[in-house]
Amino acid sequence: MNADALQVFADWRVLTARPSPAEAAQAPHALYGHVPWTASYSVGDWLRAVAPLLTDGPRPIIVGGTGLYFRALTEGLADIPATPPEIRAEAQARLGQIGLPTLAAELDDATRAGLDTANPMRVLRAWEVARHTGRSIRDWQSETPPPLLPLTSCSAFVLDAERDWLADRIARRFDMMLADGALNEARAVLPRWDPTLNAAQAIGAPELIAHLRGELTIDGAREHAIVASRQYAKRQRTWFRARMRDWTWLDPRVL
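Keep in mind that this is a model prediction, so the values were computed, not measured.

J.: What's the story with the overall build of the protein in this structure? I'm lost.
T.: Summing up its helical and strand segments, the protein has 12 helices and two strands in all. For the protein, the α and β elements follow one another from N to C terminus as α-α-α-α-α-α-α-α-β-α-α-α-α-β. What you see for the protein is a C-alpha radius of gyration of 19 Å, in line with the 18 Å of a compact globule of 255 residues. In the protein, buried positions account for 38% of the 255 residues. Of the contacts formed within the protein by residues at least 6 apart in sequence, a portion of 70% connects residues at least 24 apart. Accessible area of the protein: about 13,900 Å², with a carbon and sulfur share of 54%. For the protein, the centre of its 29 positive side-chain charges and the centre of its 30 negative side-chain charges are spaced 2 Å apart.

J.: In this structure, what is going on with the confidence of the model for the protein? I would like to understand it.
T.: Regions with low pLDDT carry predicted coordinates that are not meant to be interpreted in detail. Residue-level pLDDT values for the protein average 93, and 100% of them are 70 or greater. Within the protein, helix α8 (residues 137–141) has the poorest average pLDDT of any element, 90, and helix α11 (residues 205–212) the best, 98.

J.: Got a minute to help me understand the nonpolar core in this structure?
T.: Counting 48 residues, the largest nonpolar core has Phe9, Trp12, Leu15, Trp46, Ile62, Trp193 and Leu208 as the members making the most contacts within it. Looking at this core, the elements that each hand over two or more residues are α2 (43–50), α3 (67–75), α9 (163–180), α10 (182–189), α11 and α12 (218–243). Considering every element that reaches this core, the biggest residue donor is α12, with six residues. Not counting the four nearest positions on each side in its chain, Leu208 is found in contact with Leu15, Phe174, Leu178, Ala182, Leu183, Ala186, Ile218 and Ala221. Counting 16 residues, the second largest nonpolar core, distinct from the first, contains Leu95, Leu100, Ala104 and Trp127.

J.: Please clarify how the packing of aromatic side chains should be interpreted in this entry.
T.: The description of an aromatic ring pair uses the distance of the two centres, along with the angle that the planes make with each other. Counted by the stated rule, this structure contains five aromatic pairs. With a centroid separation of 4.6 Å and 15 degrees between ring planes, the pair formed by Trp46 and Tyr69 is classed as stacked. Remark: Tyr69 occurs in helix α3 and Trp46 occurs in helix α2; sequence separation between them is 23 residues. According to the relative accessible area criterion, Tyr69 is buried, its value standing at 3%. Between Phe70 and Trp247 the ring centres are 5.6 Å apart and the planes differ by 85 degrees, which places this aromatic pair in the edge-to-face class.

J.: For this particular structure, what's the right way to read helix α7 (residues 120–133)?
T.: At 3.6 residues per turn, the α-helix brings residues three or four places apart onto the same side. With 14 residues, α7 should reach 20 Å at 1.5 Å per residue; the first-to-last C-alpha distance of 20 Å fits that figure. Restricting attention to buried positions, one finds in α7 the residues Val123, Leu124, Ala126, Trp127, Glu128 and Val129. In this fold, the buried residues of α7 make contact with α4 (85–98), α5 (100–105), α6 (109–113) and α8. Positive backbone phi, approximately 75 degrees, marks Gly134, located one or two places after α7.

J.: Sorry, what's going on with the packing of α4 against α7 here?
T.: Closest axis-to-axis distance for the α4/α7 pair is 10 Å, and the angle between their directions is 125 degrees. What the angle tells us is that α4 and α7 run oblique. Helix-helix and strand crossings are classified by hand; for α4 and α7 the assignment is right-handed. Within the contact between the two elements, α4 uses Ile87, Arg88, Glu90, Ala91, Gln92, Arg94 and Leu95 and α7 uses Leu124, Trp127, Glu128, Arg131 and His132. Across the contact of α4 with α7, the residue classes break down as five nonpolar, two polar and five charged.

J.: Help me understand the environment of Leu107, please; the structure alone is not making it clear to me.
T.: Note on placement: Leu107 falls in the loop between α5 and α6. Residue classification places Leu107 among the buried positions, given a relative accessible area of 7%. A C-alpha to C-alpha distance of 7.5 Å links Leu107 and Ala126, two positions 19 residues apart in sequence. Not counting residues within four places of it along the chain, the set of residues in contact with Leu107 comprises Arg112, Leu115, Val123, Ala126 and Trp127.

J.: Please clarify how the packing of α10 against α11 should be interpreted in this entry.
T.: How two helices pack is summed up by the angle between their axes together with the distance between the axes. At a closest axis distance of 9 Å, the pairing of α10 and α11 adopts a crossing angle of 75 degrees. It follows that α10 is roughly perpendicular to α11 by the angle criterion. The segment α10 lies against α11, with Ala182, Leu183, Ala186, Arg187 and Val189 engaging Leu208, Ile209, His211 and Leu212. In terms of residue class, the contact of α10 with α11 is built from seven nonpolar, one polar and one charged.

Procedures and definitions
Residues numbered from 1 in each chain as written. Predicted model: local features only at pLDDT ≥ 70, side-chain atom pairs only at ≥ 80, totals over all residues. Heavy atoms only, no water. Helix = DSSP H or I, 4+ residues; strand = E, 2+ residues; numbered from the N terminus. Rg over C-alpha atoms; globule rule 2.2 N^0.38 Å. Buried < 20%, exposed > 50% of the residue type's maximum accessible area, 1.4 Å probe, protein only. Contact = heavy atoms within 4.5 Å. Areas by Shrake-Rupley, 256 points an atom, 1.4 Å probe, with all protein chains shown as cover. Lys, Arg positive; Asp, Glu negative; His and termini not counted. Charge placed at Lys NZ, Arg CZ, Asp CG, Glu CD. pLDDT = per-residue confidence, 0-100. Core = buried A, V, L, I, M, F, W, Y, C linked by side-chain atoms within 4.5 Å. Phe/Tyr/Trp six-rings, centres within 6.5 Å; stacked < 30°, edge-to-face > 60°. Expected span 1.5 Å × (residues − 1). Axes fitted to C-alpha atoms, helices over the stretch in contact; angles between N-to-C directions. Parallel < 35°, antiparallel > 145°, perpendicular 65-115°, else oblique. Left-handed = near helix turned anticlockwise from the far one by under 90°. Nonpolar A, V, L, I, M, F, W, Y, C, P; charged D, E, K, R; others polar.

Have a look at this one:
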């Protein structure tokens with residue numbers, strides 16, 4: 001079962017490293033590639049999709065790198081009202097006007113203290129909640145209900161990859177994506193490209209779109225995408241260490 005926020009989108013198979021058709025045929029897979037290109041998809045949407053899969057059928061194996069999904073699954077998720085489209089549009093417009101650091105600075109201190117302020121989706125979400133409800137996202141989270149799958153009811157593992165080992169694999173993986181058709185995926189969405197969409201946040205997508213528009217060479221797009229992947233991996237590692245200390249940590253090099 002997928003717990004990656006970008007592997008849910010139908011238009012990205014290669015670029016998000018979704019299981020190949022051959023891999024998917026080896027066992028039932030769920031929540032991969034089921035969300036349309038233009039759709040907004042939140043952690044709440046994912047949690048609602050996961051809930052019936054926890055009780056129907058065999059015990060699932062849930063894999064992915066979106067820490068917020070796992071946190072919501074094992075710690076619970078606050079019932080925050082959905083953001084109206086006009087508030088989302090206002091947030092996107094303000095981000096474009098003032099930039100990410102200034103938008104993050106408009107949040108209250110408690111919200112900023114627990115937020116990945118380098119992640120535009122997280123900052124936008126916190127800003128939208130405050131703007132729409134008049135309460136901070138931290139206030140809503142203080143009323144979180146019990147989790148669907150507490151840690152006491154599952155086996156929870158974090159793969160703790162050594163930095164240089166992971167950096168090399170990131171570069172090799174992006175080269176494999178290019179060889180497997182990632183550029184063709186980007187070409188297919190180019191006429192519909194909208195950088196504000198959830199799906200457009202896939203690492204490598206903006207870079208390949210820039211190449212197709214003549215703004216970067218393919219080598220430049222590759223280098224930018226690899227750097228962005230490594231920066232994301234660094235933020236991800238920091239998040240896991242702060243939020244998943246009670247999980248079992250494994251070294252993937254010896255698995």
